[in-house]
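Results of the structural survey
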Amino acid sequence: MQRRRALAFFLAVPIAAAAGTAVWVTDSSSSDGSPGTDPGAAPGSGGPDPGAAEPGGAEAGEPPPGPLAADARGLVPIPIEALGAQGAGWTLSRDTRVRAASEAARAVAEVVAAELRTATGLPLPVVVDARARAGTDLSLVPDPPGTTPADRPAGDEAYALTVTARGATIRASAPAGLYRGAQTLRQLVPARAPFELRPAVVRDAPRYPYRGIMIDLARHFYPPAEMRRLIDHIAAYKFNHLHLHLTDDQGWRIAIEGRPRLTGIGASTQVGGGPGGFWTAADYQGVIGYAAERFITVVPEIDMPGHTNAAIVAYPELACDGRKYAPYTGTQVGFSALCVDGEATYTFLDEVLGRLAELTPGPYLHIGGDETHTLKPAQYRAFMARAQPIVARHGKQLIAWHQLAAGDPVPGAIIEYWGASKQDAAAVAAAARAGHKVVMAPADHAYLDMKYAGGERLGVTWAGTVDVRTSYDWEPSTHLPGLPADAVLGVEGALWGETIKSVADAEYLLFPRLAAVAEAAWSRPERRDWADFRTRIGTHEARWQARGINYARKLS
């Protein structure tokens, strides 16, 4: 078999389906007698890559043929295609360098090296070097500008990863792809020394462009250091959006210039009567920067017109329903609302959303819009008719919970579906058919604050219990009747804070369900299988233990 045919064979055999039988089949020439394409050569180039090594370097040579290595089967989310092989592997050691093949890869290399240092304790210096050093280098190689690689799908997050005895190489057309490929490589690194990686080739790209996790800071406040820890968790499973629920009845968590009482009064509480807290503008931008280094876009949410008790306590003129508002530490919903007819409301929203837009480099502002039980439908629509243009005026694209689907969403508004038992499906499907994209976050699958089972301290049950299999076994494109598959922008898991008292509590609710949602968001439906996922994610427990993650033992 000629090498051209062999390469096509290697690309067609997936890791899970191969299960101990896949082999690399290679030969020394192509069908026309010319030298064959080497797996380490620049994808789609037909010739040498300026960033590739001389013969014998980490990017040269071929993996040895043989069956799939067992430790290459634990990848989550499951990639489009992956192979392992028998033969000599490659070991991360004190001599290993993290090599950026060009300046374009330096920033990614620094982040990846820091992550691997934490996991291994190795020095892992970062170098910018066009040529690899045989046997020692983890190489991050951007594609030459304007090229279209033939060995993987297109897209900024697509990548190809090769591990041989001579080293490891990640190739991508953009820095985000290099980083996503590095997360796959991290899963091939054993949790404890020796850090030997078996030969492997992985080609991958995400299914959906929006893959998010929502963290509720309003009910339970997370200092920036704790949020960075949570960002590390979601980055490891290739999420690319962090939705921050910054305001609710129980607390206001972001400082807004010119509105000091929002944090002076509104931030002083949380569920259960804790001290609350808030982020300064510098804190917020620091979190954004940390997330951006991991190619995660922050999506801030200011909930409105309901879930506004903390804002109204700080500025009573925002309400006109005759109720006396006081700081709230409970968990009931739907009792608060901004004054729909008051000009003070829209002045406030313009100031708050304008300042948040200035602080947020990402394209989105989320305005909530759910559970407005004290407003009539006509009042809700009137409010949204005033509030939605404010977002556009400040240069952002609007996202709202799915109640906006029946509230006259403006063109371009994104609907986030959070219902259980397919409630409100008709309205959401109608909005999608009218051109609105939908982020799927169904509570009975993707709400990670639901209890795993009855009788547990952590979690709630209003949408039922959500065990790991339930969080895995659903299909975003067909979940809602009548929803066009191409309307689904992506998937989001949500972690509300009603029962959380610490970051350890948050981790218990997140893990292992975080990985289940990640696979729904990233992987092709034909690649997903519960029994296979259960086996693969089980291999991650040792890694979670090594990182001190308080995960739930819920896989058996």
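Residues numbered from 1 in each chain as written. Predicted model: local features only at pLDDT ≥ 70, side-chain atom pairs only at ≥ 80, totals over all residues. Heavy atoms only, no water.

To continue, consider the packing of helix α3 (residues 106-120) against helix α4 (residues 175-188). Direction vectors running N to C along α3 and α4 enclose 15 degrees, while the axes themselves pass 10 Å from each other. When the interaxial angle is binned, α3 and α4 end up roughly parallel. Like other packed secondary-structure pairs, α3 and α4 cross with a definite hand, here right-handed. Every residue of α4 that contacts α3 at Val108, Val111, Val112, Glu115 and Leu116 is listed here: Pro175, Leu178, Tyr179, Ala182, Gln183, Leu185 and Arg186. (Axes fitted to C-alpha atoms, helices over the stretch in contact; angles between N-to-C directions. Helix = DSSP H or I, 4+ residues; strand = E, 2+ residues; numbered from the N terminus. Parallel < 35°, antiparallel > 145°, perpendicular 65-115°, else oblique. Left-handed = near helix turned anticlockwise from the far one by under 90°. Contact = heavy atoms within 4.5 Å.)

Within the largest apolar cluster, 144 residues are counted, with the highest numbers of intra-cluster contacts made by Met227, Tyr237, Trp252 and Tyr284. When near neighbours in sequence (up to four residues on either side) are disregarded, Met227 contacts Ile215, Leu217, Tyr222, Leu242, Leu244, Trp279 and Val287. Grouped together as the second largest cluster of nonpolar side chains are twelve residues, Met450, Val460, Val466 and Trp496 included. (Core = buried A, V, L, I, M, F, W, Y, C linked by side-chain atoms within 4.5 Å. Buried < 20%, exposed > 50% of the residue type's maximum accessible area, 1.4 Å probe, protein only.)

Next up on the list: the confidence of the model for the protein chain. Within the protein chain, residue pLDDT values average 88, and 87% of them lie at 70 or more. This model gives residues 1-58 a pLDDT under 50, and the stretch forms 132 contacts once residues within four places in sequence are excluded. Contacts from residues 64-72, a stretch scored under 50 in pLDDT, to residues over four places away or in other chains number 37 contacts. (pLDDT = per-residue confidence, 0-100.)

We now examine the sheet that holds strand β18 (residues 438-440). The strand order around the closed barrel formed by eight strands is β10-β11-β14-β15-β16-β17-β18-β19, and the pairing between neighbours is parallel. Averaged over all adjacent pairs, the angle separating strand axes in this sheet is 30 degrees, with direction ignored. For strand β11 (residues 241-245) and strand β14 (residues 297-304), the ladder comprises five bridges, and the chain directions are parallel. Paired with Leu244 across the bridge in β14 is Pro300. With respect to the sheet, helix α9 (residues 343-359) is in contact with β14 and β15 (364-368), its orientation differing from that of β14 by roughly 170 degrees. Taken strand by strand, helix α15 (residues 513-522) contacts β10 (210-216) and β19 (488-495), and its axis lies near 175 degrees from that of β19. (Pairing = 2+ DSSP bridges.)

Let's shift gears to unusual backbone geometry. Backbone phi values are negative for most residues with the exception of glycine, while trans is the configuration of most peptide bonds. Following Ala193, the chain continues into Pro194 via a peptide bond in cis, with omega recorded as 0 degrees. Assignment of secondary structure puts Pro194 in the loop between α4 and β8 (195-197). In this chain, Met304 is followed by Pro305 through a cis amide linkage whose omega measures -10 degrees. Structurally, Pro305 can be placed in the loop between β14 and α8 (309-314). Residue Phe295 is not a glycine yet carries a positive backbone phi of 60 degrees. With respect to the helices and strands, the residue Phe295 is situated in the loop between α7 (281-293) and β14. With phi around 50 degrees, Glu371 is a residue other than glycine that occupies positive phi space. With respect to the secondary-structure elements, Glu371 resides in the loop between β15 and α10 (377-393).

This brings us to the pattern of salt bridges. A complete count under the given rule lists 27 salt bridges for this structure. We note a salt bridge from Glu157 to Arg180, for which the minimum N-O separation is 2.7 Å. Separated by 23 residues along the polypeptide, Glu157 in the loop between β5 (137-142) and β6 (159-164) and Arg180 in helix α4 bring together distant segments of the chain. Residue classification places Arg180 among the buried residues on the basis of a relative accessible area of 0%. Through salt bridges with shared partners, a single ionic network connects Glu115, Arg186, Asp232, Glu293 and Arg294. (Salt bridge = Lys/Arg side-chain N within 4 Å of Asp/Glu carboxyl O.)

Per the stated rule, a full pass over the model turns up 18 aromatic pairs. Relative to Phe295, the ring of Tyr179 has its centre 5.9 Å away and its plane inclined at 45 degrees; by these criteria the two rings are tilted. You can see Tyr179 sitting in helix α4 and its partner Phe295 sitting in the loop between α7 and β14, a full 116 residues away along the chain. Accessibility expressed as a relative area gives 0% for Tyr179, which makes it buried. Counting every residue linked through ring pairs, the aromatic cluster contains Trp401, Trp418, Tyr447, Trp462 and Trp496. Sitting over the ring of Tyr315, Arg259 keeps its end group 4.8 Å from the ring centre. (Phe/Tyr/Trp six-rings, centres within 6.5 Å; stacked < 30°, edge-to-face > 60°. Lys NZ or Arg CZ within 6 Å of the ring centre and 35° of its normal.)

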